[in-house]
Amino acid sequence: MHQDMMFFVEKISQSLPPIFTRSVAVSNLGGLLGAKTLANIDNRGEGPTSKIRMGKKVLYERDSFIEWLKQYYKLS
């Protein structure tokens with residue numbers, strides 16, 4: 001299962017642009033996490049470390065998001 005998940009994370013990494021919004025993250029995660037779940041995780045201070053808020057949007061940096069995703073699912 002671990003290897004399958006790592007393959008999935010690698011594919012996500014390839015499909016994400018360098019900087020992206022929560023909605024882009026959600027669409028690339030295939031239902032693994034929702035936008036509200038990501039918002040709640042961020043509000044608890046447990047989300048990706050490299051992000052910026054622009055108005056009502058939150059932008060994530062790809063490498064930071066992928067590292068966080070691996071840690072969130074205990075893959076690294």
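Coordinates for the structure precede this section.
Residues numbered from 1 in each chain as written. Predicted model: local features only at pLDDT ≥ 70, side-chain atom pairs only at ≥ 80, totals over all residues. Heavy atoms only, no water.

Let us look at the environment of Arg53. Tracing the backbone through its elements, the reader meets Arg53 in strand β2 (residues 51–54). Judged by its relative accessible area of 52%, Arg53 is exposed. Arg53 sits 41 residues away from Ile12 along the chain, and the two C-alpha atoms are 22 Å apart. Once residues within four sequence positions are removed from consideration, Arg53 is found in contact with Arg22 and Val58. (Helix = DSSP H or I, 4+ residues; strand = E, 2+ residues; numbered from the N terminus. Buried < 20%, exposed > 50% of the residue type's maximum accessible area, 1.4 Å probe, protein only. Contact = heavy atoms within 4.5 Å.)

Here the focus is the packing of aromatic side chains. Inspection of the entire model under this criterion finds 6 aromatic pairs. Relative to Phe65, the ring of Tyr60 has its centre 5.4 Å away and its plane inclined at 45°; by these criteria the two rings are tilted. Tyr60 gets classed as buried once you look at its relative accessible area, which sits at 1%. By relative accessible area, Phe65 is classed as buried at 0%. (Phe/Tyr/Trp six-rings, centres within 6.5 Å; stacked < 30°, edge-to-face > 60°.)

Examined against the element boundaries, Ser64 turns out to sit in helix α4 (residues 62–72). Here the side chain of Ser64 touches Thr49 through a polar contact of 3.3 Å, side chain to side chain. With residues up to four places along the chain from it excluded, the contact list for Ser64 reads Pro48, Thr49 and Ser50. (Polar contact = N/O pair within 3.5 Å; in protein donor to acceptor, adjacent residues only side chain to side chain.)

Another aspect to go through is the nonpolar core. Membership of the largest hydrophobic core comes to 17 residues, with the highest contact counts inside it found for Leu38, Phe65, Trp68 and Leu69. The set of elements that each furnish at least two residues to this core consists of α1 (2–15), α2 (22–29), α3 (35–43), β3 (57–61) and α4. A total of 4 residues in this core trace back to one element, the largest contributor, which is α4. Sequence-distant contacts of Phe65, that is, excluding residues within four places in its chain, are made with Leu16, Phe20, Ala25, Leu29, Leu38, Pro48 and Tyr60. (Core = buried A, V, L, I, M, F, W, Y, C linked by side-chain atoms within 4.5 Å.)

Strand order across the open sheet formed by 3 strands is β1-β3-β2, with antiparallel pairing between neighbours. Each end of this open sheet is capped by a strand with a single partner; those strands are β1 (19–21) and β2. Between one strand and the next, the sheet's axes are offset by a mean angle of 30°, whatever the strand orientation. Sheet topology note: the β1/β3 ladder contains 3 bridges and is antiparallel. Each residue of the ladder has a partner; that of Phe20, found in β3, is Tyr60. (Pairing = 2+ DSSP bridges. Axes fitted to C-alpha atoms, helices over the stretch in contact; angles between N-to-C directions.)

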